[in-house]
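The residues making up each chain are set out below.
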Amino acid sequence: MSLTNADPSQAALEAKTAALTLATLSAEDRNAALDAIHAGLLASKDAILEANARDMEKAREAAAGGSLSQSLVARLDLGKPGKFDDMLKGIRDVKELDDPVGKITLRTKLDDGLTLERVTCPIGVLLIIFEARPEVIANIASLAIKSGNAAILKGGKESTDSFVAISTVISNALDQTKVPKGAIQLVTTRDVIPQLLALDQYIDLVIPRGGNELVRYIKDSTKIPVLGHADGLCSTYLAESADADMAVKVVVDSKISYCAACNALETLLVNRAALSTVLPAVAKGLAEKGVTLRCDGESKEALLNADSSLASSIQDVQDADYDTEFLSLTLAVKTVGSVDEAILHINTHGSHHTDAILTSDKDEAEKFMSSVDSAGVYWNASTRFADGMRYGFGTEVGISTNKIHSRGPVGLEGLTIYKYKIRGEGQVSLDYGEGEGKRQYKHESLPL
């Protein structure tokens, strides 16, 4: 790994060259690099947190002045209880996963002495552009190395001290391994994102980690494929048959466990028959955690009739609220007449990220999960489960709402593609076809 302020095209060329070597390293060599990174970060924890504290102080000042959002400040905080340890655990978990490179997923006997294999391989060079989230450096480095990919990382100015501290530790750790130095590049030069996004001859995939504005800018500014999501506009449908105690627990967790996350709940859809039965308990649980409810007329009336103490937590909803990723303790509430109406709302207003249904009706749940067009659809579970670590991927490079190649939390599998290998004995295509003397393909499936 190297901290570089080199010309972007030179850094990308070095990464492309290194990727070819990294792709040929053994699983043992790649795992040894992850061990070195883990040990280095653990030994430097205090210094890294001190650097992060300096970033946090500047970020809070910027937020107070209105130039930085509170959600970005929350994402920047590496000192949040458990966050640093989770970063380290992610590296260890990735190491313990099966090697994703070189797996045979198809074998076919085309003819005697002519076999076809489909084999997993690295994508090549990844460009990761992120805001805040200093743990992204370690996450991406470990996933990239394990999957045999080179990576170029460009962080935002709000995380500069954290960025330098973590990357310096990782760079020193990789110096002791067989991973090529150019395989992980951390670009420190400012205002180079447009140049990086133009380097489609070297860079194979862009992964943005940040807010809506950053992601949309990247998608509109490059010919390189982009993996990610612009919004995390997650909804939960509260059905009439939902268990009230369970609903309170799930909805409160979905909203307040980390409201600045992309998998936090932003819209609660309530069946009309649940307005006076299940919703009041859910609303009370949310209000006790400081959540402001932006309600439509029906849900507002039902809640005030059920519990007048909720009045201070209720505001009138605006149409735009159903298209808003609040990233704060604000939740839009809408009354619907059926599961079909809830599905229509989510497919129209949602961001195809993660959506859930709370119900005791299995058929209703299965219909919802089949019909909602999102990367994650859950039954009686918090939207906060949308996470690579929680899925058992070790960690993730991000959550994709794409419909090509990879969708949902993207771990090692999402960072590999495949190639076809044919092993023959001198055969040529003209040997095959119709007519006298021509051979016929056998196309026999072979065991993997």
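Whatever comes next refers back to the structure up there.
Now for a look at the structure at hand.

Basis of the calculations
Residues numbered from 1 in each chain as written. Predicted model: local features only at pLDDT ≥ 70, side-chain atom pairs only at ≥ 80, totals over all residues. Heavy atoms only, no water. Helix = DSSP H or I, 4+ residues; strand = E, 2+ residues; numbered from the N terminus. Expected span 1.5 Å × (residues − 1). Buried < 20%, exposed > 50% of the residue type's maximum accessible area, 1.4 Å probe, protein only. Pairing = 2+ DSSP bridges. Axes fitted to C-alpha atoms, helices over the stretch in contact; angles between N-to-C directions. Parallel < 35°, antiparallel > 145°, perpendicular 65-115°, else oblique. Left-handed = near helix turned anticlockwise from the far one by under 90°. Contact = heavy atoms within 4.5 Å. Nonpolar A, V, L, I, M, F, W, Y, C, P; charged D, E, K, R; others polar. Core = buried A, V, L, I, M, F, W, Y, C linked by side-chain atoms within 4.5 Å.

1. Observations concerning helix 6 (residues 135-146)
(1) Moving on: Here helix 6 contains 12 residues, and its C-alpha end-to-end distance of 17 Å stays within 8% of the 16 Å for a straight helix at 1.5 Å per residue.
(2) Moving on: Within helix 6, 12 of the 12 residues are buried, leaving the element largely enclosed by the surrounding structure.
(3) Moving on: Among the residues making up helix 6, those that are buried are Glu135, Val136, Ile137, Ala138, Asn139, Ile140, Ala141, Ser142, Leu143, Ala144, Ile145 and Lys146.
(4) Moving on: Just beyond helix 6, the residue with positive phi is Gly148, at close to 80°.

2. Let's talk about the pairing of strand 12 (residues 330-336)
(1) Moving on: In terms of burial, strand 12 is a largely internal element, six of the seven residues being buried.
(2) Moving on: With five bridges connecting them, strand 9 (residues 265-271) and strand 12 associate as parallel partners. Bridge pairing links Val270 to Thr335 in strand 12.
(3) Moving on: Where strand 10 (residues 292-295) meets strand 12, four bridges bridge the pair, whose relative direction is parallel. Considered in strand 12, the bridge of Arg294 is made with Ala332.

3. Side note on the packing of helix 2 (residues 27-43) against helix 6
(1) Moving on: Contact pair helix 2 / helix 6: the axes reach a minimum separation of 9 Å and the direction vectors enclose 165°. Taken together, helix 2 and helix 6 sit at an angle that is classed as roughly antiparallel. Once helix 2 is placed against helix 6, the crossing between them reads as right-handed. Across from Arg30, Asn31, Ala33, Leu34, Ile37 and Leu41 in helix 2, the residues of helix 6 making contact are Ala138, Ser142, Ile145 and Lys146.
(2) Moving on: A class-by-class count of the residues in the contact of helix 2 with helix 6 yields six nonpolar, two polar and two charged.

4. Describing the nonpolar core
(1) Moving on: Core analysis: the biggest nonpolar cluster contains 46 residues, and Leu41, Ile128, Leu153 and Ile170 have the highest contact counts within it.
(2) Moving on: A total of eight residues in this core trace back to one element, the largest contributor, which is helix 6.
(3) Moving on: By size, the runner-up hydrophobic cluster in this structure holds 28 residues, among which are Val248, Ala283, Leu286 and Val333.

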